[in-house]
Amino acid sequence: MTQPERPTPARRAVLGAAGAAVLGGSTVLAAGTAQAVQSAVAADADAVPGPRTHGHGHGYRSLPVPTVIGHRGASGYRPEHTLGSYQLALDMGADVVEQDLVPTKDGHLVCRHENDITGTTDVADHPEFASRKTAKTVDGVALTGWFTEDFTLAELKTLRAKERIPATRQRNTLYDGRWAVPTFEEVLRWAEQEGRRRGRPVWLHVETKHPTYFRSIGLPLEERLAKLLRRYGRHRADSPVFLQSFEPGSIQRLAKLVDSPRVVLLSGASSRPWDFVAAGDPRTVADLVTPAGLRWIASYAQGIGPTMDLILPRDASGRLAAETTLVRDAHAQGLILHPYTMRNENAFLPTEYRRGTDPNAYGDAFGLLKRYFETGIDGIFSDNADTALLAAAEFRDR
């Protein structure tokens, strides 16, 4: 691993421009600021030396450390999983932009965090789809609403995206209705176009959602995803894409279809991946984060995406407790760590990093990010890419 180097002036410019636009009270990028962001990004592509990386020149090992992943795009500022959210994350300078994939009735992969689109689209306002509301059980959870697998792509395209947590992110509701639900192929075309414009690849972090459930109803995800990756040249070991899933079996299946880098997502220690539940495998996440479990993951994946609580647990009062050995143990197996999720609002922060009594106000996000980076993680999923990028630059600059 190379020694830390100072961030370039262009990098500071893009971070400062994005931060001024979003954190300075404006809800949209002013024309001049947007131009400054784009100019700084272009300049940064040619600037040397760059930020600290894993120490290799190709593939995911060439990404900055810590890597900042735009969680569902720039979901702290725009409705998640929209082209507007993805574009803003990229304009802010996010190193990687995340997509979650679910299928339509006719087999197209679309970008939604869940197949239940009740809270993320205006489907409830469409009387022509009132009869589609139904009750289902997905991964053992009973749900009532509207689901992507009950809509053709043409039908889904008549809907508009909206903010998922409007009570917390009231400003994001300004953008309700501005974007449709994107297909993953549209995102791939967008990434190609932006990559050509910027002179460097646009990295994606792509999750298969509920793969066992979808395979059980005849809409398997992995083969469809692999076909698109091959079509757009993102199927190789050095391709600018990560494939991720909370189901290890989905990652194992993808490993047989493409060579793209793969990450196993890990939730709470006592939880079990749903494919384990379906197969009667008694292992829990606690078993997977042992040295033996990590060795098994390393046999078919290049990284893990643990909840941050597996690295820095919280005690009964909500404060950070003693750090675990997960970072050290994963690195010993050659695995990178992309934990989730950093959000700026008090409601999501450990007790000691909250500021004031408003749960929707920003707390000490920079202080928490510094603590997270001190654990040695390789990257972080963040709803607020600009904040995480500034924190990462400061951390590397120490």
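Preceding this paragraph is the structure being described.
One structure accompanies this document, and this report is about it. This is a predicted model, so every value here is computed, not measured.

**Observations regarding unusual backbone geometry**
That bond from Val-65 to Pro-66 is cis: its omega, 0°, falls within 30 degrees of zero. Mapped onto the elements of the fold, Pro-66 is located in the loop between helix H2 (31-46) and strand E1 (67-70). Even without being glycine, His-81 reaches a positive phi, approximately 50°. Turning to its location among the elements, His-81 is positioned in the loop between E1 and helix H3 (83-92). The residue His-210 is not glycine, and still its phi comes out positive at about 50°. Relative to the helices and strands, His-210 is located in the loop between strand E6 (203-208) and helix H6 (211-216).

**Points about the packing of aromatic side chains**
The relation between two aromatic rings is expressed through the spacing of the ring centres and the mutual angle of the planes. Within this structure, the stated rule accounts for 10 aromatic pairs. Arranged with centres 5.7 Å apart and planes meeting at 55°, the rings of Phe-373 and Phe-395 form a pair that is tilted. Remark: Phe-395 occurs in helix H14 (residues 385-396) and Phe-373 occurs in helix H13 (residues 365-374); sequence separation between them is 22 residues. By the burial criterion, Phe-373 is buried, and Phe-395 matches it. Three or more aromatic residues joined by ring pairs make a cluster, and in this case those are Tyr-60, Trp-203 and Phe-242. In this structure, Arg-283 packs its charged tip against the face of Trp-296, placed 4.2 Å from the ring centre.

**As for the pattern of salt bridges**
Per the stated rule, a full pass over the model turns up 27 salt bridges. Note that Glu-374 is salt-bridged to Arg-371, the shortest N-O span being 3.8 Å. Here Glu-374 and its partner Arg-371 are both found in helix H13, three residues apart, which amounts to about one turn of the helix. Given a relative accessible area of 36%, Glu-374 falls into the partly exposed group. According to the relative accessible area criterion, Arg-371 is partly exposed, its value standing at 24%. If you follow the salt bridges from partner to partner, you end up with Glu-323, Lys-370, Arg-371, Glu-374 and Arg-398 in one network.

**Side note on the pairing of strand E11 (residues 379-382)**
Of the two faces of E11, the one carrying Gly-379 and Phe-381 and the one carrying Ile-380 and Ser-382 are both buried. Bridge count between E1 and E11: four bridges; the pairing is parallel. Pairing of Ile-69 across the sheet is with Phe-381, part of E11.

**Observations regarding the packing of H3 against helix H5 (residues 184-198)**
As a packed pair, H3 and H5 sit with axes 12 Å apart at the nearest point and diverge in direction by 25°. As far as their axial angle goes, H5 and H3 are roughly parallel. The two elements H3 and H5 meet at a crossing, and its hand is right-handed. Taken together, the residues of H5 that come into contact with H3 (itself represented by Leu-83, Tyr-86, Gln-87, Leu-90 and Asp-91) are Val-187, Trp-190, Glu-194, Arg-197 and Arg-198. Of the residues assigned to the contact of H3 with H5, the class counts are five nonpolar, one polar and four charged.

**Quick word on the side chain of Asp-329**
In this structure, Asp-329 sits in helix H12 (residues 326-332). Looking at Asp-329, its side chain comes within polar contact range of the side chain of Thr-325, at 2.7 Å. Aside from chain neighbours lying at most four places away, what touches Asp-329 is Pro-291 and Leu-294.

**So, H14**
The first and last C-alpha atoms of H14 sit 16 Å apart over 12 residues, in line with the 16 Å expected at 1.5 Å per residue. In terms of burial, H14 is largely enclosed, as 10 of its 12 residues are buried. Those residues of H14 that sit buried are Ala-385, Asp-386, Thr-387, Ala-388, Leu-389, Ala-391, Ala-392, Ala-393, Phe-395 and Arg-396.

**Digging into the nonpolar core**
Residues Phe-184, Leu-204, Leu-225, Ile-304 and Ile-380 are the most contacted members of the largest nonpolar core, which totals 83 residues. With near-sequence residues (within four places) excluded, Phe-184 lies in contact with Gln-99, Leu-101, Leu-109, Val-110, Cys-111, Leu-204, Val-206, Leu-225, Leu-228 and Leu-229. By size, the runner-up hydrophobic cluster in this structure holds 11 residues, among which are Tyr-60, Leu-63, Ile-69 and Trp-203.

**Some details on the environment of Thr-307**
With respect to the secondary-structure elements, Thr-307 resides in the loop between strand E9 (303-306) and H12. Assessed through its relative accessible area of 14%, Thr-307 is described here as buried. Through-space distance from the C-alpha of Thr-307 to that of His-338 is 8.9 Å; in sequence the pair is 31 residues apart. Ignoring any residue separated from it by four or fewer positions in sequence, one finds Thr-307 in contact with Leu-266, Ser-267, Gly-268 and Tyr-340.

Thresholds applied
- Along each chain, residue indices are assigned from 1 in the same order as the chain's sequence is written.
- Given that the model is predicted, a residue must reach a pLDDT of at least 70 before its local features are reported, and side-chain atom pairs must reach 80 or more before they are shown or counted; all residues, however, enter totals for whole chains, interfaces and linings.
- Heavy atoms from the whole structure form the basis of all side-chain values; hydrogens and water molecules are not counted.
- For helices the rule is a DSSP run of H or I covering at least 4 residues; for strands it is a run of E covering at least 2, with both sets numbered from the N terminus onward.
- Working definition: rings of Phe, Tyr and Trp (its six-membered ring) pair if their centres are within 6.5 Å, and the pair is stacked with planes under 30 degrees apart, edge-to-face with planes over 60 apart, and tilted otherwise.
- Only protein chains enter the accessibility calculation, which uses a 1.4 Å probe; a residue whose area is less than 20% of its type maximum is buried, one above 50% is exposed, and one in between is partly exposed.
- Lysine and arginine charges are scored as sitting over a ring when NZ or CZ, respectively, is within 6 Å of the ring centre and within 35 degrees of the ring normal.
- One speaks of a salt bridge when a side-chain nitrogen belonging to Lys or Arg is within 4 Å of a carboxyl oxygen belonging to Asp or Glu.
- Between any two strands, at least two bridges found by DSSP are needed for them to pair.
- A fitted line through C-alpha atoms serves as each axis, taken over the contacting stretch for helices, and the angle formed by two N-to-C directions is quoted from 0 to 180°.
- When an angle is under 35 degrees it counts as roughly parallel; over 145 it counts as roughly antiparallel; between 65 and 115 it counts as roughly perpendicular; any other value is oblique.
- Left-handed describes a crossing whose near helix is turned anticlockwise from the far helix through less than a right angle; right-handed describes the clockwise counterpart.
- Should any heavy atoms of two residues lie within 4.5 Å, those residues are considered in contact.
- By the convention adopted, Pro, Cys, Tyr, Trp, Phe, Met, Ile, Leu, Val and Ala count as nonpolar, Lys, Arg, Asp and Glu as charged, and the other residues, Gly among them, as polar.
- Counted as a polar contact is a pair of N or O atoms within 3.5 Å, where, for protein atoms, one must be capable of donating a hydrogen and the other of accepting one, and residues adjacent in sequence contribute only when both atoms are in side chains.
- Multiply 1.5 Å by the residue count of a helix minus one, and that product is the helix's expected span.
- The definition of a nonpolar core used throughout is a set of buried Ala, Val, Leu, Ile, Met, Phe, Trp, Tyr and Cys residues joined through side-chain atoms within 4.5 Å.

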